[in-house]
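# Per-entry structural report
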Amino acid sequence: MSDTLQPLHTPIKRRSFFQYAGATAGATALVLAGCSKDNDPTTTTTAGTVSLGTGDVGVLNYAYALEQLEAAFYAQVVKTPAADFLTGELAYFTQIAAHEAIHRDFLKAAITSAGGSLLPTLTPIFTTINFSSRASVLNAAKTFEDLGVAAYNGAGILLKSQAYLTIAGQIVSVEARHAAYVRDLLAPGSFADDNQVDATGLDKQLTPTDVIAAAQPFITEKLDASTVGK
Amino acid sequence: MNFFQIISEIEKVDPEVYDRLDSRRSIFKHMTGLGQKLSAAAVPLALGSIFNKVYAQTPVGASVNDVLNFALSLEYLESYFYQRSAAGSGASAVTLRGGFSGTNLAAIDLIRTDEANHVTFLRSVLGTAAIADPGAATFDFTGGKGAAGGPFADVLTNPLTYLAVAQSLEDTGVRAYKGGAALLMSNKTVLTAALNIHSVEARHASRLRTMRRAGPMNNAASQGLPVSPYNAAPKSWISGTDNGGAGGSPTGPTAPIYGAGNNTGAPTGVTFDAESNTTQGGAVLTGLPNTTGFPASAFSEAFDEALDVTTVKTIARTFVVNGNNFLA
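As a further point, take the overall build of chain B. Regarding its fold elements, chain B presents 12 helices and 2 strands. When the helices and strands of chain B are read in sequence order from the N terminus, they spell out α-α-α-α-α-α-α-α-α-α-β-β-α-α. Taken over 328 residues, chain B has a buried fraction of 57%. Considering only contacts in chain B between residues 6 or more positions apart, those separated by 24 or more positions represent 67%. Within the structure as shown, chain B displays about 12,600 Å² of accessible surface, and the carbon and sulfur contribution to it stands at 56%.

Right, dumping it as structure tokens:
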């Protein structure tokens with residue numbers, strides 16, 4: 001059963017979008033409901049790997065992992081600011097650092113409140129980032145922010161709770177504002193350039209496994225996102 | 001894949017499933033035909049579309065098409081606004097374009113392209129269900145509703161006013177898509193597309209805010225610092241209610257864009273707070289651990305807010321001429 005459901009979870013090519021743009025409510029939800037019985041998530045992971053978990057809590061833990069990474073990054077940016085930051089930039093990064101730390105702590109509280117199993121505190125690896133260089137910091141910030149936007153955009157369909165979906169939307173637009181600002185610092189006018197926004201005017205979305213693969217080089221713990229939202 | 005097992009599972013959720021299916025006698029014939037045409041991999045989606053036909057009449061709030069047409073309306077509003085600054089759009093466009101640096105003009109032109117692409121995209125998704133093109137005459141971007149003396153009287157010649165209205169439209173769009181997302185959960189493909197538009201609108205809003213801060217002739221995002229209370233020199237994100245936004249005061253014409261919406265209880269679990277809100281999902285953000293010493297403004301800035309359809313329509317109609325029912 002889970003194999004036959006895969007098409008619902010796989011990224012869909014633009015052209016085929018129109019074929020089932022009309023599918024609605026009862027439809028998708030009920031097909032999923034019908035399959036839930038024989039689609040029980042597994043929690044088994046190989047030794048040393050941390051599973052992000054299943055269902056909505058899995059999505060929250062997935063977001064929590066990314067926000068931990070961003071918060072740790074900006075905390076370091078503020079702690080050891082690049083010598084060549086321009087006027088006002090440190091003040092801005094101080095604000096962004098606060099936003100990301102609030103996202104992190106909010107998600108931690110939300111997971112706990114939902115009675116979910118909380119992802120442990122992660123140990124970041126920032127050895128590839130030169131915090132004394134404005135350019136290095138800005139490029140890393142751009143990577144994290146664009147990745148965050150694509151992650152939340154891709155996670156929307158994995159959530160079953162309307163409230164969580166709206167919360168995710170409330171966070172992702174702030175990440176997109178950050179992303180555009182950082183991009184404009186790097187190259188004025190690159191806020192939505194064509195390597196980020198496609199020819200139909202749409203931003204990117206990525207699956208949890210693709211996002212975690214991109215984030216993994218910055219995280220000591222090996223993360224398994226394969227069951228997020230399932 | 002066992003079709004009848006699925007029906008059985010659905011029966012547990014919806015005891016009337018067989019009645020629903022029986023009421024559409026042709027459905028099993030339809031199913032047989034599909035089986036011959038589609039590959040196994042496509043069956044789950046085809047199945048979805050069959051049930052869609054069966055369940056389509058079940059009232060679950062606004063339909064996906066209603067939400068998409070609402071989004072299309074807003075994209076028309078934005079698209080026609082940016083068309084007014086396009087090269088070759090007349091004397092006012094020449095004046096307007098002359099007030100921007102080349103890089104900033106390119107940014108405006110890129111936003112115009114994105115918005116036109118959103119119109120095209122949504123029309124493609126909606127097909128024959130799409131609303132009619134309202135036409136340029138529907139809109140008065142001075143906010144005067146077709147009469148002289150609107151709050152943005154020089155919008156088509158003054159770059160600062162143009163950016164102020166642009167920011168207002170984009171921030172409205174971000175809140176509208178955010179509010180619409182919960183109404184699109186039934187269709188994963190449409191939901192993802194809407195989210196992908198939503199974040200593009202947020203990128204636009206950020207760039208426009210950055211330009212307002214640095215000035216239309218200044219390219220560098222680092223130049224021009226935000227000046228409280230942020231009406232004229234905003235941050236790249238929304239801070240509190242931005243003192244009513246680009247309209248200039250807490251009671252100005254753009255204040256509703258940053259204010260609270262109508263919490264009518266649908267969809268459940270979704271509220272429409274003002275942008276200054278600092279309580280999310282029942283959690284008081286200022287009470288979170290590890291946030292000691294954070295600037296007070298950060299707690300509302302960290303979360304944008306959704307807005308309901310009715311409030312968004314009222315805001316959008318600021319730019320619709322009197323006597324026109326667009327977005328009414």
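Our next topic: the packing of aromatic side chains. Considering all chains together, one arrives at 24 aromatic pairs over all chains under this definition. Considering the side-chain rings of Phe-73 of chain A and Phe-131 of chain A, the 5.7 Å spacing of their centres and the 45° angle between planes classify their relative orientation as tilted. Here Phe-73 of chain A, found in helix H4 (residues 55-79), pairs with Phe-131 of chain A, found in the loop between helix H5 (89-113) and helix H6 (134-155); they are 58 residues apart in sequence, far enough to count as distant. Phe-73 of chain A gets classed as buried once you look at its relative accessible area, which sits at 0%. With centroids separated by 4.5 Å and ring planes inclined at 45°, the aromatic side chains of Tyr-92 of chain A and Tyr-181 of chain A adopt a geometry described as tilted. One end of the pair, Tyr-92 of chain A, is in helix H5; the other, Tyr-181 of chain A, is in helix H7 (residues 162-186), with 89 residues separating them in the sequence. For the pair shown, Tyr-92 of chain A and Tyr-181 of chain A are each scored as buried. Ring pairing ties together the aromatic residues Tyr-76, Tyr-80, Phe-81, Tyr-82, Phe-139, Phe-141, Phe-152, Tyr-162, Phe-319 and Phe-326 of chain B, which thus form one cluster.

Another aspect to go through is the side chain of Asp-114 of chain B. Counting through the fold element by element, Asp-114 of chain B comes out in helix H7 (residues 102-126). At 8.4 Å, Arg-203 of chain B is the nearest oppositely charged side chain to Asp-114 of chain B, a buried residue that forms no salt bridge. Ignoring anything within four residues of it in the chain, the contact list for Asp-114 of chain B reads Ala-192, Val-197 and Gly-201 of chain A together with Val-200 and His-204 of chain B.

The next subject is the packing of H7 of chain A against helix H8 (residues 159-181) of chain B. As a packed pair, H7 of chain A and H8 of chain B sit with axes 9 Å apart at the nearest point and diverge in direction by 150°. The angle between the axes of H7 of chain A and H8 of chain B places the two elements in the roughly antiparallel class. In the packing of H7 of chain A onto H8 of chain B, the handedness of the crossing is right-handed. Within the contact between the two elements, H7 of chain A uses Leu-165, Thr-166, Gly-169, Gln-170, Ser-173 and Arg-177 of chain A and H8 of chain B uses Asp-171, Val-174, Lys-178 and Ala-181 of chain B. In terms of residue class, the contact of H7 of chain A with H8 of chain B is built from 3 nonpolar, 4 polar and 3 charged.

This part takes up the confidence of the model for chain B. Residues and elements named next belong to chain B. Per-residue confidence for chain B gives a mean pLDDT of 84, with 80% of residues at or over 70. In this model, residues 14-60 is a region of pLDDT below 50 whose contacts with residues beyond four sequence positions or in other chains number 54 contacts. In the predicted complex, the global pTM is 0.82; the interface-specific ipTM is 0.82.

Turning our eyes to something else, we now look at the pattern of salt bridges. Note on pairing: side chains with opposite charge can pair once their charged atoms come close. This model, assessed by the stated rule, comprises 15 salt bridges over all chains. Taking the shortest distance from any N to any O, the salt bridge between Asp-146 of chain A and Arg-183 of chain A comes out at 2.9 Å. A residue pair is termed long-range when its members are at least 10 positions apart, and Asp-146 of chain A in helix H6 and Arg-183 of chain A in helix H7 qualify at 37 residues. The pair Asp-146 of chain A / Arg-183 of chain A is uniform in exposure class, with both members buried. Here Arg-209 of chain B ties to Asp-242 of chain B by a salt bridge, and the two come within 2.6 Å at their closest N and O atoms. Linking Arg-209 of chain B in helix H9 (residues 188-214) with Asp-242 of chain B in the loop between H9 and helix H10 (255-258), this pair joins segments that are 33 residues apart in sequence. With respect to burial, Arg-209 of chain B and Asp-242 of chain B carry one shared label: buried. Because the salt bridges share partners, they merge into one network encompassing Asp-146, Arg-183, Asp-193 and Asp-203 of chain A together with Arg-203 of chain B.

Attention now moves to the environment of Thr-192 of chain B. Residue placement: Thr-192 of chain B occurs in helix H9. When its relative accessible area of 11% is taken as the criterion, Thr-192 of chain B is described as buried. Residues Thr-192 of chain B and Ala-181 of chain B lie 11 residues apart in sequence; the distance between their C-alpha atoms is 8.9 Å. Apart from residues no more than four positions distant in its own chain, Thr-192 of chain B is found in contact with Asn-153, Ile-157 and Gln-205 of chain A.

Let's shift gears to the packing of H5 of chain A against H6 of chain A. Packed helix pairs are characterised by how far apart their axes lie and by the angle those axes make with each other. All names here are of chain A. Here H5 crosses H6 at 35°, and the two axes come no closer than 14 Å. Note on packing geometry: the crossing formed by H5 with H6 is left-handed. Of the residues in H6, those in contact with Glu-89, Phe-93, Ile-96, Glu-100 and Leu-107 of H5 are Arg-134, Leu-138, Glu-145 and Tyr-152. Its residues assigned to classes, the contact of H5 with H6 comprises 5 nonpolar, no polar and 4 charged.

Residue placement: Arg-212 of chain B occurs in helix H9. Summary of buried charges: Arg-212 of chain B has no salt-bridge partner, and the nearest side chain of opposite charge, Asp-242 of chain B, is 6.9 Å away.

Calculation criteria
Residues numbered from 1 in each chain as written. Chains lettered and ligands numbered in written order. Predicted model: local features only at pLDDT ≥ 70, side-chain atom pairs only at ≥ 80, totals over all residues. Heavy atoms only, no water. Helix = DSSP H or I, 4+ residues; strand = E, 2+ residues; numbered from the N terminus. Buried < 20%, exposed > 50% of the residue type's maximum accessible area, 1.4 Å probe, protein only. Contact = heavy atoms within 4.5 Å. Areas by Shrake-Rupley, 256 points an atom, 1.4 Å probe, with all protein chains shown as cover. Phe/Tyr/Trp six-rings, centres within 6.5 Å; stacked < 30°, edge-to-face > 60°. Lys, Arg positive; Asp, Glu negative; His and termini not counted. Salt bridge = Lys/Arg side-chain N within 4 Å of Asp/Glu carboxyl O. Axes fitted to C-alpha atoms, helices over the stretch in contact; angles between N-to-C directions. Parallel < 35°, antiparallel > 145°, perpendicular 65-115°, else oblique. Left-handed = near helix turned anticlockwise from the far one by under 90°. Nonpolar A, V, L, I, M, F, W, Y, C, P; charged D, E, K, R; others polar. pLDDT = per-residue confidence, 0-100.

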